[in-house]
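What follows is the residue order along each chain.
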Amino acid sequence: MVNPIDATTTAAWGKIGEIRDRLSVDFRNWFAQDPQRAEKLTFTAADLYVDLSKSYLTDELKAALLELAQEVNLAERREAMFNGEKINVTEGRSVLHTALRRPKGEELILDGKNVIDDVHEVLDRIYAFADRVRSGEWRGVTGKPIKTIVNIGIGGSDLGPVMAYEALKPYVDPNLECRFISNIDPTDLGETLKGVDPETVLFIIASKTFTTLETLTNARQARAWFLAQLAKAHISADGAVAKHFVAVSTNLAKVAEFGIDPENAFGFWSWVGGRYSVDSAVGTVLAIAIGPQAFKNFLGGFHALDTHFRTAPAERNIPLLMGLLNVFYVNFLGAATHAVLPYAQFLHRFPAYLQQLTMESNGKRVRWDGSEVTAATGEVFWGEPGTNGQHAFYQLIHQGTQLIPADFIAFATPTYPLRDGENDQHELFLGNFFAQTKALAFGKTEAEVRGEGTREDIVTARIFPGNKPTTSIMAPALTPSVLGQLIALYEHITFVQGIVWGIDSFDQWGVELGKQMASQLADAVAGDADALAQQDQSTRALIEYYRNFRRDL
């Protein structure tokens with residue numbers, strides 16, 4: 001892969017800076033002067049309806065951002081990704097999460113093999129397994145069907161499945177419950193396993209190498225708990241692990257060593273990054289929960305946005321425009337954070353999922369050729385669902401001094417169409433969605449505040465400056481397909497930003513350092529005096545505090 005083009009040296013970067021210098025955001029005037037602004041800046045892709053009219057896009061800025069995309073060869077980089085070129089240069093890998101959702105029968109040759117065939121071979125095995133569990137054919141050691149599935153993973157092997165499971169709860173088989181363990185804190189495993197019946201539980205251990213410290217530690221503890229519960233019930237443990245544990249891994253030797261039948265291991269490939277893997281075998285727990293057909297629809301949603309991103313004209317390409325806008329907010333207006341605000345309780349884990357996707361991808365200080373970055377990279381993604389956030393942090397967005405671009409997400413059709421007397425509760429809920437973006441855009445002027453008869457000494461406190469940038473994303477309903485579309489949308493937004501910044505968005509070396517140090521500190525924490533003496537004074541004092549105050553329970 002050729003060296004990245006320094007975006008800050010392009011003609012377009014200079015133009016954008018000039019536009020920024022004379023930009024005077026005034027949504028009231030912008031909409032008054034251009035009655036077609038909303039129409040011109042609202043776009044569709046598959047089921048998504050995306051309104052960028054309350055963003056800072058102007059015709060001039062849009063043209064300059066698209067020129068920037070051309071100058072950094074973004075279209076070529078995009079094709080390189082879709083075609084399987086090794087754009088993850090620090091690890092020498094292709095980046096082919098998009099291949100995970102391509103239809104059966106397509107062809108993409110990598111190292112002499114059609115990876116689409118490989119993907120569907122694994123998917124077919126997952127679907128067959130899911131059907132066996134859902135139908136009751138797969139039974140535990142005492143002959144009872146599975147009722148509870150416990151997914152043990154970390155990072156992308158947890159955040160993706162748990163987010164999607166929570167988002168698609170209405171589609172989950174009512175006879176099944178899924179639980180998730182990720183944190184190495186013993187509390188996570190202890191609390192998650194409360195009330196679980198060992199005779200009807202299925203554990204899915206998700207670790208590509210089957211060596212991930214946190215995941216395998218929790219897996220061993222889960223196995224110990226399971227065998228102890230069988231012993232208490234005087235149930236033979238012979239062959240029990242193989243009936244109650246399956247793996248998402250490609251290390252079949254380690255899988256077998258653990259006690260899992262390698263036939264019940266579902267693999268994926270080095271070209272699938274963890275944070276891009278929910279649509280791979282990592283999603284096995286989801287495929288069981290919602291069923292093969294719904295999971296196929298989920299993948300279809302991803303593919304629909306992939307196709308849009310790859311083929312839509314630049315001026316109407318939603319991930320491209322949103323990614324370029326984020327670059328503008330970060331690099332030209334100093335935005336350090338980005339809020340994602342889903343008006344859908346089922347998406348309550350979506351902002352956390354995006355934190356890994358965006359911040360692990362673009363939290364980089366060097367470019368893909370190893371040189372220092374020349375502009376700020378990444379932003380902190382955060383958020384909470386619906387009206388909860390309105391009563392917490394929206395004050396900062398409305399009247400604070402920081403620029404916080406915000407994405408609002410909502411759905412036309414509610415899962416629970418409840419009424420409060422004469423009022424449709426979903427309409428009341430979405431009334432808040434519509435009102436917040438309107439208030440953030442148009443604010444409330446001093447004259448309007450005074451016109452309400454406000455006491456003079458608090459007039460300034462009641463003024464809302466407005467002109468805060470937002471994006472509104474709507475869809476008919478939160479379905480498996482729409483969820484796939486939303487995830488793919490943000491995957492491609494992240495890609496666009498990474499290409500402009502010239503960074504490798506697909507490695508995560510920063511994740512490894514803390515793990516390595518934790519392993520190196522193990523002896524000191526366990527009480528080895530020599531190992532403790534080698535630590536810096538702060539770390540040594542913290543470990544000594546722990547050892548002095550640790551109580552055995």
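Residues numbered from 1 in each chain as written. Predicted model: local features only at pLDDT ≥ 70, side-chain atom pairs only at ≥ 80, totals over all residues. Heavy atoms only, no water.

Engineer: Talk me through the side chain of H244; I want residue IDs and the actual numbers.
Structural biologist: Position of H244 among the secondary structure elements: in helix 10 (residues 240-244). Side-chain polar atoms of H244 contact the backbone oxygen of V201, separated by 2.7 Å. Non-local contacts of H244, meaning those with residues more than four positions away in its chain, are made with G140, V141, P198, E199, T200, V201, L202, F203 and F226. (Helix = DSSP H or I, 4+ residues; strand = E, 2+ residues; numbered from the N terminus. Polar contact = N/O pair within 3.5 Å; in protein donor to acceptor, adjacent residues only side chain to side chain. Contact = heavy atoms within 4.5 Å.)

Engineer: I'd like a description of the sheet that holds strand 14 (residues 470-475), backed by residues and values.
Structural biologist: Strand order in the open sheet made by the 6 strands is 1-2-14-11-9-10, with mixed pairing throughout. Every other strand in the sheet has two partners, leaving strand 1 (42-45) and strand 10 (380-382) as the edge strands with one partner each. Across the sheet, the mean angle separating the axes of adjacent strands is 20 degrees when strand polarity is ignored. Where strand 9 (residues 337-342) lies against strand 10, 3 bridges are found, and the strand directions are parallel. Considered in strand 10, the bridge of T337 is made with V380. Seen against the sheet, helix 20 (residues 480-501) touches strand 1, strand 2 (48-51), strand 9, strand 10, strand 11 (406-411) and strand 14 and runs at an angle of roughly 170 degrees to strand 11. (Pairing = 2+ DSSP bridges. Axes fitted to C-alpha atoms, helices over the stretch in contact; angles between N-to-C directions.)

Engineer: I'd like a description of the layout of surface pockets, backed by residues and values.
Structural biologist: In this structure, the largest pocket spans a volume of roughly 1,000 Å³. Elements with a contribution of two residues or more to the lining of the largest pocket: helix 7 (156-167), helix 9 (213-232), helix 15 (350-362) and helix 21 (509-520). For the lining of the largest pocket, the leading source of residues is helix 21, giving 5 residues. Among the residues forming the lining of the largest pocket, the class breakdown is 12 nonpolar, 18 polar and 9 charged. Approximately 450 Å³ is the volume attributed to the second largest pocket. (1 Å grid on protein atoms, 1.4 Å probe; cavity = no way out; pocket = protein on both sides within 12 Å on 5 of 7 lines; lining within 4 Å. Points joined across faces, edges and corners; volume = space filled by probe spheres on them. Nonpolar A, V, L, I, M, F, W, Y, C, P; charged D, E, K, R; others polar.)

Engineer: Just give me the short version of the packing of helix 7 against helix 15, but keep the residues and values in it.
Structural biologist: Pairs of packed helices are described in terms of their axes, by the angle between the two and the distance that separates them. It is the contact of helix 7 with helix 15, at a shortest axis distance of 9 Å, that shows an interaxial angle of 150 degrees. It follows from the interaxial angle that helix 7 and helix 15 lie roughly antiparallel. Judged by the twist between their axes, the crossing of helix 7 over helix 15 is left-handed. Here helix 7 contributes G156, L159, G160 and M163 to the contact with helix 15, which in turn contributes F350, A352, Y353 and Q356. (Parallel < 35°, antiparallel > 145°, perpendicular 65-115°, else oblique. Left-handed = near helix turned anticlockwise from the far one by under 90°.)

Engineer: I'd like to hear about the environment of Q485, residue by residue, with values.
Structural biologist: Tracing the backbone through its elements, the reader meets Q485 in helix 20. For Q485, a relative accessible area of 1% corresponds to the buried category. A C-alpha to C-alpha distance of 10.0 Å links Q485 and A475, two positions 10 residues apart in sequence. Separated by 2.9 Å, the side chains of Q485 and D47 make a polar contact. (Buried < 20%, exposed > 50% of the residue type's maximum accessible area, 1.4 Å probe, protein only.)

Engineer: If you had to explain the nonpolar core to someone new, which residues and values would you point to?
Structural biologist: Counting 129 residues, the largest nonpolar core has W271, F298, L347, F350, L483 and Y490 as its most contacted members. Broken down by element, the residue count for this core peaks at 13 residues, all from helix 20. The residues touching Y490, leaving out its near neighbours within four places in the chain, are V340, F350, L354, L357, F381, D407, I409 and I473. V196, I205, L230 and V255 belong to the second largest nonpolar core, which has 25 residues in total. (Core = buried A, V, L, I, M, F, W, Y, C linked by side-chain atoms within 4.5 Å.)

Engineer: Report on the UniProt feature "active site" (unreviewed entry) in the protein, specifying residues and quantitative values.
Structural biologist: Feature annotation in UniProt assigns "active site" (unreviewed entry) to the following positions: E360, H391 and K515. With a sequence span of 156 residues, these residues are also far apart in the fold, their greatest C-alpha distance being 37.1 Å. Checked against the lining of the largest pocket, the annotated residues reduce to E360 and K515. Among the secondary structure elements, E360 is positioned in helix 15. (UniProt positions renumbered as here; feature names shortened; annotations may be inferred.)

Engineer: Give a description of unusual backbone geometry that names residues and reports values.
Structural biologist: In this structure, N73 is a non-glycine residue whose phi angle is positive, near 60 degrees. Within the secondary structure layout, N73 lies in the loop between helix 4 (59-71) and helix 5 (74-82). On the accessibility criterion, N73 (26% relative accessible area) is partly exposed.

Engineer: Describe in detail the packing of aromatic side chains, supporting the description with residues and values.
Structural biologist: Per the counting criterion, the structure on display carries 34 aromatic pairs. Between Y127 and F295, the ring centres sit 6.2 Å apart and the planes meet at 70 degrees, which makes this aromatic pair edge-to-face. Here Y127 is found in helix 6 (residues 115-135), whereas its partner F295 is found in helix 13 (residues 292-311), with 168 residues between them in sequence. For the ring pair F393 and Y394, a centre distance of 5.5 Å and an interplane angle of 40 degrees mean the geometry is tilted. Exposure class is identical for F393 and Y394. Each is buried. Among the aromatic residues, those joined into a cluster by ring pairs are W13, F27, W30, F31, Y56, F328, Y329, F332 and F442. Positioned above the aromatic ring of F31 is the side chain of R37, whose terminal nitrogen or guanidinium carbon lies 5.6 Å from the ring centre. Stacked on the ring of F258, the Lys or Arg R223 has its end atom at 4.2 Å from the ring centre. (Phe/Tyr/Trp six-rings, centres within 6.5 Å; stacked < 30°, edge-to-face > 60°. Lys NZ or Arg CZ within 6 Å of the ring centre and 35° of its normal.)

Engineer: Give a detailed account of helix 5, specifying residues and quantitative values.
Structural biologist: Residues three or four positions apart in an α-helix share a direction because the helix packs 3.6 residues into each turn. Along helix 5, the positions that sit buried rather than exposed are L74, R77, R78, A80, M81 and F82. Where helix 5 is buried, its residues meet helix 4, helix 13, helix 14 (318-333) and helix 20. Among the residues trailing helix 5, G84 stands out with phi positive, at a value near 90 degrees.

Engineer: Explain the environment of L418 residue by residue, including any values.
Structural biologist: Positionally, L418 belongs in the loop between strand 11 and strand 12 (419-420). By relative accessible area, which is 48% here, L418 ends up partly exposed. Once residues within four sequence positions are removed from consideration, L418 is found in contact with N423, D424, Q425 and H426.

Engineer: Describe the sheet that holds strand 7 (residues 201-206), naming the residues involved and giving the relevant values.
Structural biologist: Two pairing modes exist for strands in a sheet, parallel and antiparallel, and in both the strands are linked by backbone hydrogen bonds. Strands sit in the order 6-5-7-8 across an open sheet of 4 strands; the sheet is parallel. Two strands close off the open sheet at either side, each with one partner strand: strand 6 (177-181) and strand 8 (245-248). Between one strand and the next, the sheet's axes are offset by a mean angle of 20 degrees, whatever the strand orientation. Direction of pairing for strand 5 (residues 148-152) relative to strand 7: parallel, over a ladder of 5 bridges. Note on strand 7: the bridge partner recorded for V150 is F203.

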